[in-house]
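Read off the chains here:
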Amino acid sequence: MSKGRGRIWEGSGRPMPRFILAYLLLLSALPCTGFLPNFWSRVLTLSWDSHTHQYITEQAVLNVTLETLTGTERPQGNAAEERARLGRGFWRAMGEVVKANAAMDFVSSTRSDPVYHFDSERVDSAVTMLRQFWAQTVLSVRAKEYQSARHSLGQLFHSLQDFYSHSNWVEMGQHSIYLHLLQPEEPAIPVAKEDTPTCMECFSPTCRNNLLPRLTNSQQHSQMLTTGYFSTFPPKPQGKCSHGGVLDSSRFLGAKGGINKDSTSPLFSPHYYLHVEAATLATEATLTVLRDLRDTVGHKDFLRVKQVPALVFVMDTTGSMFEEITAARLRAHSIIQSRANSPGQTGTFLLVPFHDPAVGPVYETDDPNQFMQHMENLMALGGGDEPEMCLSAIQLALTHSPPLSEIFVFTDASPKDAHLFDAVKALFLIRFFRQVTFLLTEDPKYTTEVSGRRRRRRRKRRIMEPLSPDRFSLYSSLSSVSGGLTIFTTNSDIHRVSAIVEDNTAADKVGTSTSETYCTSSIDQFTLTFFSLLPR
């Protein structure tokens, strides 16, 4: 440590202001191995106009999704309206992709591995990793494992975007993306060998023209790729380029300086003046991957990656449920019509019938006309009034529905399978279902008929036996856990009351801050620590 730096800590014996100390500690924890992860990293590095991994990914996913919908459904209205109508399912799916992208800079298994970030000239290994991410994404989509697809897609985006920030691709004067990264048949550019110098010494924060001439050559036959070394592993050979910036310890080793274009701040990015060019190419590469994925798996499956929630009806089909089934048909038809007017909101429709003892089978389709036809064929026949296998049916619905699906339960009976309550509750918590709403067409104090015998005359008679006032309490608990409703009504009022059943998953309004708030990671914890140390 230099004398000047020593005086900051020891000079007059006065302690460093706490907010400066907190800021320095926060910067030491901030990963600097790619484009900045998200909004907060722009704040902390004071580079307000930097393009982050989050911003690049969001813009690409949003644009290709709307582009796909425009080509298939011709949505009406301007772009802002279409964006707002995509629904919470879309934004949650977007959040999963962004979170998987940002996690590459925070998870210990990937944070310091140069292969995941195109660092330390590990280009060939990084290309292999990219293609593995691509293969995993395609396989997951075809297997309908959409959550897994979003995770591998986010990882792919991170490494792909890092290539343009960490390599000399931009410095070579390239104005198009490097197709060979994901297309083996395209021409490849050789990588500098370990004993080949790539950079000159740089003694200022801004390292202009510090790459050796061959590394900036625009002639294709003589081009050579390099990427910067970061920190102490792997060791940086003499004459190689560093990642650079205040968080990279390798910047002090020859050749001093760095070449990263992660941000618009010269404090963190020696080639900050090329940040916009790198971000533009990273965005174009991300768009290309999304379009290739759409062409590979088809428009229909591509749109499902963004996971539109399903509309789920769980129906008691015993003989007393005629009015309820009719009301459910009307509600389903209304919701389907509403979805038809929203871009990308067709989603999946599920119907789970039940009585006693049968449950199911699950009927699932993404064709609204077929679903309505199946609803029309549903009949209320047989079965008793009390109790029924309702929780078994809800459990079946949960295991067949994507996250954030809206579930509506129509019944007039208490659950015969109360032992499943904890299992069903757990499914709501771990699978991110947003609401379950119960429409119960019996008063909680209703009485039912039971068979009895008179001792003397030994003949059957009908008596009215009151039912337990809390027989629907498990339904109320489930609706409370999920944020839904438990609605009591009568057969005569079921049509009017069922209007409460609205499809909240089809076109939920999205706040203006959505695109920057759902990517939670350890950087947010560091930020909270920073502000807690500020003087009050």
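Data block above holds the structure.
Presented here is an overview of the structure given in this document. (Residues numbered from 1 in each chain as written. Predicted model: local features only at pLDDT ≥ 70, side-chain atom pairs only at ≥ 80, totals over all residues. Heavy atoms only, no water.)

To continue, consider the pattern of salt bridges. On inspection of all chains with the given rule, the structure shows 6 salt bridges. For the salt bridge of Asp295 with Arg294, the shortest nitrogen-to-oxygen distance reads 3.8 Å. It is possible to trace a salt-bridge network through shared partners that takes in Glu67, Arg291, Arg294 and Asp295. (Salt bridge = Lys/Arg side-chain N within 4 Å of Asp/Glu carboxyl O.)

Looking now at helix H13 (residues 368-376). Listing the buried residues of H13 in full gives Phe371, Met372 and Met375. The arc enclosing the buried residues of H13, seen along the axis, measures out at 95°, which places them on a common side. For H13, the N-terminal cap is Asp367; the gap from its side-chain oxygen to the backbone nitrogen of Asn369 is 2.9 Å. (Buried < 20%, exposed > 50% of the residue type's maximum accessible area, 1.4 Å probe, protein only. Helix = DSSP H or I, 4+ residues; strand = E, 2+ residues; numbered from the N terminus. Arc of directions from axis to C-beta. Polar contact = N/O pair within 3.5 Å; in protein donor to acceptor, adjacent residues only side chain to side chain.)

Taken together, the 6 strands give an open sheet; going across it, the order is S3-S2-S1-S4-S5-S8, and neighbouring strands pair in mixed fashion. Two strands in the sheet have a free side with no partner beyond their single neighbour: strand S3 (363-365) and strand S8 (486-488). On average, adjacent strands in this sheet sit at an angle of 15° to one another, irrespective of strand direction. In this structure, strand S1 (residues 311-316) lies alongside strand S4 (residues 406-411), joined through 5 bridges in parallel fashion. (Pairing = 2+ DSSP bridges. Axes fitted to C-alpha atoms, helices over the stretch in contact; angles between N-to-C directions.)

Position of Thr489 among the secondary structure elements: in the loop between S8 and helix H17 (494-497). When its relative accessible area of 8% is taken as the criterion, Thr489 is described as buried.

All right, on to the packing of aromatic side chains then. Under the criterion given, the structure shown has 15 aromatic pairs. With 4.7 Å between their ring centres and 20° between their planes, Phe438 and Tyr475 make a pair best called stacked. Within this pair, whereas Phe438 is found in strand S5 (residues 435-440), its partner Tyr475 is found in helix H16 (residues 473-482), the two being separated by 37 residues in sequence. With respect to burial, Phe438 and Tyr475 carry one shared label: buried. By the ring-pair criterion, three or more aromatic residues cluster together here, those being Phe118, Phe163, Tyr164, Trp169 and Tyr178. Of note, Arg208 hangs over the ring of Tyr273, and the distance from its end group to the ring centre comes to 4.1 Å. (Phe/Tyr/Trp six-rings, centres within 6.5 Å; stacked < 30°, edge-to-face > 60°. Lys NZ or Arg CZ within 6 Å of the ring centre and 35° of its normal.)

The next subject is unusual backbone geometry. For the bond running from Phe233 to Pro234, omega is -5°, close enough to zero to count as cis. The topology assignment puts Pro234 in the loop between helix H9 (146-166) and helix H10 (275-297). You will see that Asn209, though not glycine, has its phi angle at about 60°, which is positive. Residue classification places Asn209 among the exposed residues on the basis of a relative accessible area of 67%.

Ranked by internal contacts, the top residues of the largest apolar core, which has 54 residues, are Tyr164, Trp169 and Leu181. For this core, the secondary-structure elements that each account for two or more residues are helix H4 (53-73), helix H6 (88-103), helix H8 (123-142), H9, H10 and helix H11 (299-304). At 10 residues, H10 tops the list of elements feeding residues into this core. In contact with Trp169, not counting residues within four places along its chain, are Phe163, Tyr164, Gln174, Ser176, Ile177, Tyr178, Ile189, Leu225 and Leu281. (Core = buried A, V, L, I, M, F, W, Y, C linked by side-chain atoms within 4.5 Å. Contact = heavy atoms within 4.5 Å.)

Once that is clear, we can look at helix H15 (residues 421-430). Residues spaced three or four apart along an α-helix face the same direction, because each turn holds 3.6 residues. Taken residue by residue, H15 has Phe421, Val424, Leu427 and Phe428 as its buried positions. Taken around the axis of H15, the buried residues stretch over an arc of 125°, which confines them to a single face. Pointing more than 90 degrees away from the buried face of H15 are the exposed residues Asp422, Leu429 and Ile430. At its buried positions, H15 is contacted by helix H14 (390-400), S5 and H16.

Attention now goes to the state of the cysteines. Applying the stated rule across the entire model yields 2 disulfides. In this model Cys199 forms its disulfide with Cys241; the gap between the sulfur atoms is 1.9 Å. Around the S-S axis, the bridge from Cys199 to Cys241 shows a dihedral of about 95° and counts as right-handed. On the criterion of sequence distance, the pair formed by Cys199 in the loop between H9 and H10 and Cys241 in the loop between H9 and H10 is long-range, its members being 42 residues apart. Classification of Cys199 as buried rests on a relative accessible area of 7%. Here Cys202 is linked by a disulfide to Cys207, with a sulfur-sulfur distance of 2.1 Å. Here Cys202 and Cys207 share a disulfide; its torsion about the S-S bond, -95°, makes the bridge left-handed. According to the relative accessible area criterion, Cys202 is buried, its value standing at 10%. Sequence-ordered numbering of the disulfide-bonded cysteines in the protein gives the connectivity 1-4, 2-3. (Disulfide = S-S within 2.5 Å.)

At a closest axis distance of 10 Å, the pairing of H14 and H15 adopts a crossing angle of 25°. It follows from the interaxial angle that H14 and H15 lie roughly parallel. H15 is crossed by H14, and the crossing has left-handed handedness. Residues Leu391, Ile394, Gln395, Leu398 and Thr399 of H14 form the contact with H15, whose participating residues are Phe421, Ala423, Val424, Leu427 and Phe428. (Parallel < 35°, antiparallel > 145°, perpendicular 65-115°, else oblique. Left-handed = near helix turned anticlockwise from the far one by under 90°.)

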